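# A closer look at the structure
Read off the chains here:
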Amino acid sequence: MEISYPPRIQLARLPTPLQPLDRITEKFSTPHGGPRIWVKRDDLTETAMSGNKLRKLEFVAGQAVAQGCDTLITCGGVQSNHCRTTALVGARLGMRVQLILRGELDGIPDGNLLVDQLAGASTAFYPPRQYFEELPELFSHWQEFYAQRGHKAFPIPTGASDGLGIWGYIAASEELLADCSARGFVPEHIVCATGSGGTQAGLTLGCQLLASTARVTGYAVCDNADYFQSKVRADVRHWSALTKSDIDENTLNINVNADYIGPGYALAEEPVYRAIADIASLEGLLLDPVYTGKAFLGCCRSSTGAVTETVKTWYSCIPAVNSDCSRTGKSSLFFCEWGYYCSTVAEAANLRSKLQQ
């Protein structure tokens, strides 16, 4: 079907590359009859604003401008990728940005927080308990704060994950399927990390709208499978209300794997760091330990092939889907939503220590 998109401001460098991971495939998948593995490089949507958030913010910013807003308000952790991207988007568009941050300022700003401030965003810090309990009231407070000063603020939820933000990955689904067709294959399995649910919701709905048979699986990096099942449905329900489209939630094929969260959000164990090291050395691709590292590890471990000594450091078994590209023309595809970088000296030291173990 032809999809009619709402207002959008072009911010990302699209289409992002679709890249085969042939050395990963040859070493870990082919020996077990597995698929050819590809990666959609959404870590290359831009430079400073790279990652999956930018696709969503194209539509969010488009709506904000259409409504005559001059200020963006959003929320997240002190080192939030989404907040950093929003701060830079606001700077590019000449809009004020107010960040509601979970946590406290500890010492000199670094990492994403430093970028937030360089981009001119205003920051307000709240203890985690207050943040979670009072987030709607905090948004209302800051909207009123700017209204009293003659400004009109547009609120953006966590990760820009709602019925508006998921347009970014509905559009990405269309881009991806066109990429795959041009390369001569049909994706059978699409994998992404899921931390606020919007990317998975957009990919799931996009594939359904475009009549794709690809199965979308989100690997949770926080919360649990039930939460993301509900969150994806809520985002699609919101999208349906905004667009006045009739979508039967019961027809959505929502797949969530919460087995690789590890100790918790932003906490990774040794197999995740090994996964990051292996794919970096084999493919020159940098994953991160919060999102993509966990999703890629889970993708590779979640099939039913035999475990061998050569792969059990982080690939219990490689086939992400039960198909072989050379025989069926189908393949599995991994969304690289965020490339790895060390945001602080402490994080860099932690990565080195993990890899030296």
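This is a predicted model, so every value here is computed, not measured. (Residues numbered from 1 in each chain as written. Predicted model: local features only at pLDDT ≥ 70, side-chain atom pairs only at ≥ 80, totals over all residues. Heavy atoms only, no water.)

### A look at the pattern of salt bridges
Tallied over the entire structure, the rule returns 14 salt bridges. Across the pair Arg23 and Glu283 runs a salt bridge whose closest N-O atoms are separated by 3.5 Å. Of this pair, Arg23 sits in helix α1 (residues 22-29) while Glu283 sits in helix α9 (residues 270-283), and the two are 260 residues apart along the sequence. For Arg55, the salt bridge goes to Glu175, with nearest N and O atoms at 2.8 Å. With Arg55 in helix α2 (residues 53-66) and Glu175 in helix α6 (residues 167-183), this pair connects stretches of sequence that are 120 residues apart. Across the pair, exposure class does not vary: Arg55 and Glu175 are buried alike. (Salt bridge = Lys/Arg side-chain N within 4 Å of Asp/Glu carboxyl O. Helix = DSSP H or I, 4+ residues; strand = E, 2+ residues; numbered from the N terminus. Buried < 20%, exposed > 50% of the residue type's maximum accessible area, 1.4 Å probe, protein only.)

### Some points on the packing of aromatic side chains
Evaluated as defined, the whole model comprises twelve aromatic pairs. Seen in terms of ring centroids, Tyr5 and Phe59 are 6.0 Å apart; in terms of plane orientation they differ by 35°. Their pairing is tilted. Separated by 54 residues along the polypeptide, Tyr5 in the segment before β1 (18-20) and Phe59 in helix α2 bring together distant segments of the chain. What makes Tyr5 partly exposed here is its relative accessible area of 27%. What makes Phe59 buried here is its relative accessible area of 0%. Relative to Phe145, the ring of Trp142 has its centre 4.9 Å away and its plane inclined at 65°; by these criteria the two rings are edge-to-face. (Phe/Tyr/Trp six-rings, centres within 6.5 Å; stacked < 30°, edge-to-face > 60°.)

### Focus: the sheet that holds strand β6 (residues 153-155)
Taken together, four strands build an open sheet; the order of strands is β5-β4-β3-β6 and the sheet is parallel. Two strands bound the open sheet, and with one partner strand each, they are β5 (122-126) and β6. Direction aside, neighbouring strands of the sheet carry axes that sit 25° apart on average. Relative to β5, strand β4 (residues 96-102) runs parallel, the two sharing five bridges. Across the sheet, Leu99 pairs through a bridge with Thr123, a residue of β5. Where helix α3 (residues 81-93) meets the sheet, its contacts fall on β3 (71-77) and β4, and the angle it forms with β3 comes to roughly 160°. (Pairing = 2+ DSSP bridges. Axes fitted to C-alpha atoms, helices over the stretch in contact; angles between N-to-C directions. Contact = heavy atoms within 4.5 Å.)

### Digging into the packing of α9 against helix α10 (residues 292-301)
The interhelical angle for the contact between α9 and α10, taken along N-to-C directions, is 90°, at an axis separation of 9 Å. With respect to α10, the axis of α9 lies roughly perpendicular. Between α9 and α10, the contacting residues are Pro271, Val272, Ala275, Ile276 and Ile279 on the first element and Gly293, Lys294, Phe296, Leu297 and Arg301 on the second. Counted by class, the contact of α9 with α10 contains seven nonpolar, one polar and two charged residues. (Parallel < 35°, antiparallel > 145°, perpendicular 65-115°, else oblique. Nonpolar A, V, L, I, M, F, W, Y, C, P; charged D, E, K, R; others polar.)

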